[in-house]
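Read off the chains here:
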Amino acid sequence: MAATCHRVFPALSAAVLATMVAAPCAAQAERTLVPYGAVGIEYQSNVFYLDSAQRAQTLTGSTQRDDIVVRERVGVDLRRRIGRQRLHSTIEGRRYDFMQFHQLDHDELLVALGMDWQLQHLFDGALDYRQERRIASFADRNSTALSIERERIGDARIGVSITPRWRLESTLRRRELRSPLPGFPELSLTETTLSPALRYEITELMKASLVPELQTGRFDGIPESQRFEQRGLGLRLDRAVGSVTRADAQLGYTQRKQKGDAATTVSGVTGALGLHRELTAKTTIDLALYRRVASYVGDASTTREIGGSAAVKWQATPKSALSLRYERTRGRLQQADVFAEGGGRRDNNTIASTQLSYQPLPWMVVALDGGYRQRDSTRSIDRFDGYIAAFEVQLRFD
């Protein structure tokens, strides 16, 4: 597999770079082909998200937890419009080389396809498919071995304008994730979600929606496959204040039942609040609060989360920008029997990130990134903290 990856990435890189050379002429003709690439270097203070140097010594034979990573990515965006239909696709290859932990060197691949369609003025919708091969996060597993996970997501959405004020929107999503865990190399999660919504336009700037949801899924690759069914019902309100402020709120109730020998039920009030505001012509903020029930593949389990986030973007000049983001989440896991050692685990997660970017040329962006992540858990081996610092040069030929 590794040999195949080493052949695939250089071939993809050569193809995309060749496209970049030819891009200016093609872009002027149809403006549908957008090649891009980036190369960067990143420092990670805690590569494996371990709680201590002593645990690193136990797992790797060394107390070292930090490393420097050289990262490369190349890709092509293809966009085309045919009448009222819009087609878009992306293919992206990535390469990561670690200076110390060479066993973690790997390639990643992303393929995405989509179509936005419209039929007359009554019907519209979208079809999207995404497939990705990437490294599995060490935050979700107690291991220092390289694990590659594969995810496929398909979405189909259809909207029907019943009257000028009433609209029906329905979304169907299928997600398949294969994410190996130590001792469970075939662990996978499959979810199918149906979300029909009935929307009413109260005013031009305010809309209300009734949003039911049905999700079925299962965890496979563990001694006893875990199946679950999740049902929810919520009321959503979207409000715009002029062109500078948008707000949305959703309140509902969600219940998830896990079937089989380890039958359990997780239920409660769920919802979300969101606010987007343009403070000035150069500064925007985004605020969010949420309470949700979701799947956590790291323990083949269900998690109940409550949290919030805040983000600020400042476009200092037409060529430079600064963004900041902070998120805090509290979660409680309801573990499957196979992970009974950590049953009832509770986590407090903190994530902070910042990016400073400068565009010296129309097709070039230079970016400095920083980030911090910390988790406090009732299970001691799941506690960690670490930060990253990165420098990247991006090329994009729009």
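Right above here is the structure, for reference.
First things first, this report covers the structure right here in the doc. (Residues numbered from 1 in each chain as written. Predicted model: local features only at pLDDT ≥ 70, side-chain atom pairs only at ≥ 80, totals over all residues. Heavy atoms only, no water.)

With that out of the way, let us pick up the pattern of salt bridges. By the definition in use, this model includes 36 salt bridges. Put simply, R134 and E132 hold a salt bridge, and the shortest N to O gap is 3.0 Å. In terms of burial, R134 and E132 fall into one category: buried. Salt-bridge contacts for R174 lead to E176; the nearest nitrogen and oxygen are separated by 3.4 Å. Relative accessible area serves as the criterion here: at 38%, R174 is assigned to the partly exposed category. Judged by its relative accessible area of 24%, E176 falls in the partly exposed class. A network of salt bridges, in which partner residues are shared, links E92, R94, E108, R130, E132, R134, E149, E151, R175 and E191. (Salt bridge = Lys/Arg side-chain N within 4 Å of Asp/Glu carboxyl O. Buried < 20%, exposed > 50% of the residue type's maximum accessible area, 1.4 Å probe, protein only.)

Another point: the packing of aromatic side chains. For the structure on display, the rule yields seven aromatic pairs. On the basis of an interplanar angle of 45 degrees and a centroid distance of 6.1 Å, the ring pair of F219 and F228 is categorised as tilted. A relative accessible area of 2% means that F219 is categorised as buried. Taking the relative accessible area as the measure of exposure, F228 reaches 5% and is therefore buried. Among the aromatic residues, those joined into a cluster by ring pairs are F48, F101 and F138. A cation over an aromatic ring shows up here: R256 above the ring of F228, its NZ or CZ 4.0 Å from the ring centre. (Phe/Tyr/Trp six-rings, centres within 6.5 Å; stacked < 30°, edge-to-face > 60°. Lys NZ or Arg CZ within 6 Å of the ring centre and 35° of its normal.)

Here strand β14 (residues 301–317) runs beside strand β15 (residues 320–334); their pairing, made up of 14 bridges, is antiparallel. Each bridged residue has a counterpart across the sheet, and for T317 the counterpart in β15 is S320. Counted along the chain from β14 to the antiparallel partner β15, the turn is two residues long. (Pairing = 2+ DSSP bridges. Helix = DSSP H or I, 4+ residues; strand = E, 2+ residues; numbered from the N terminus.)

Note that strand β13 (residues 283–296) and β14 share 14 bridges and pair antiparallel. Note that in β14 the partner of T284 across the bridge is K313. Counting the residues in the hairpin turn of β13 and β14 gives four residues, including A300, whose phi is positive at 45 degrees.

The next point concerns the nonpolar core. Grouped together as the largest cluster of nonpolar side chains are 10 residues: L177, L181, F184, L187, L189, F219, I222, F228, V297 and A300. Those residues in contact with L187 that lie beyond four places of it in its chain are L177, R178, S179, P180, L181, D220, G221, I222, V297 and A300. Counting residues in hydrophobic clusters, the runner-up holds nine residues, among them V47, F98, L104 and F138. (Core = buried A, V, L, I, M, F, W, Y, C linked by side-chain atoms within 4.5 Å. Contact = heavy atoms within 4.5 Å.)

This part takes up a positive patch on the surface. The grouping of R291, R304, R330, R332 and R346 at the surface amounts to a positive patch. Inspection of the secondary structure puts R332 in strand β15. On the accessibility criterion, R332 (36% relative accessible area) is partly exposed. (Patch = residues over 30% accessible without salt bridge, like charges linked within 9 Å, V, L, I, M, F, W, Y side chains within 5 Å. Areas by Shrake-Rupley, 256 points an atom, 1.4 Å probe, with all protein chains shown as cover. Lys, Arg positive; Asp, Glu negative; His and termini not counted. Charge placed at Lys NZ, Arg CZ, Asp CG, Glu CD.)

Taken together, I162, W166, L168, L198, L210, L233 and L235 make up a surface patch of nonpolar side chains, about 640 Å² in accessible area. Contributing elements (two or more residues each) for the nonpolar patch: β7 (166–178) and β10 (226–241). Residue placement: W166 occurs in strand β7.

Its location among the elements puts R174 in strand β7. In this structure the C-alpha to C-alpha distance between R174 and G217, which are 43 residues apart in sequence, comes to 9.7 Å. Those residues in contact with R174, other than ones at most four positions away along the chain, are R152, I153, G154, T190, E191 and T192. Within the local environment of R174, its side chain forms a polar contact with the side chain of E176, the two groups lying 3.4 Å apart. Polar side-chain contacts of R174 include one of 2.9 Å to the side chain of T192. (Polar contact = N/O pair within 3.5 Å; in protein donor to acceptor, adjacent residues only side chain to side chain.)

Next up on the list: the environment of N46. Considering the arrangement of structural elements, one finds N46 in the loop between β1 (33–44) and α2 (53–60). The class for N46 is buried, based on a relative accessible area of 4%. Residues N46 and Y387, 341 residues apart in the sequence, show an inter-C-alpha distance of 7.1 Å. In this view, N46 contacts R65, F384, D385 and G386; residues no more than four positions away in its chain are not counted. Of the polar contacts made by the side chain of N46, one reaches the backbone nitrogen of Y49; its length is 3.2 Å. Reaching out from N46, the side chain makes a polar contact with the backbone oxygen of L50 at a distance of 2.9 Å.

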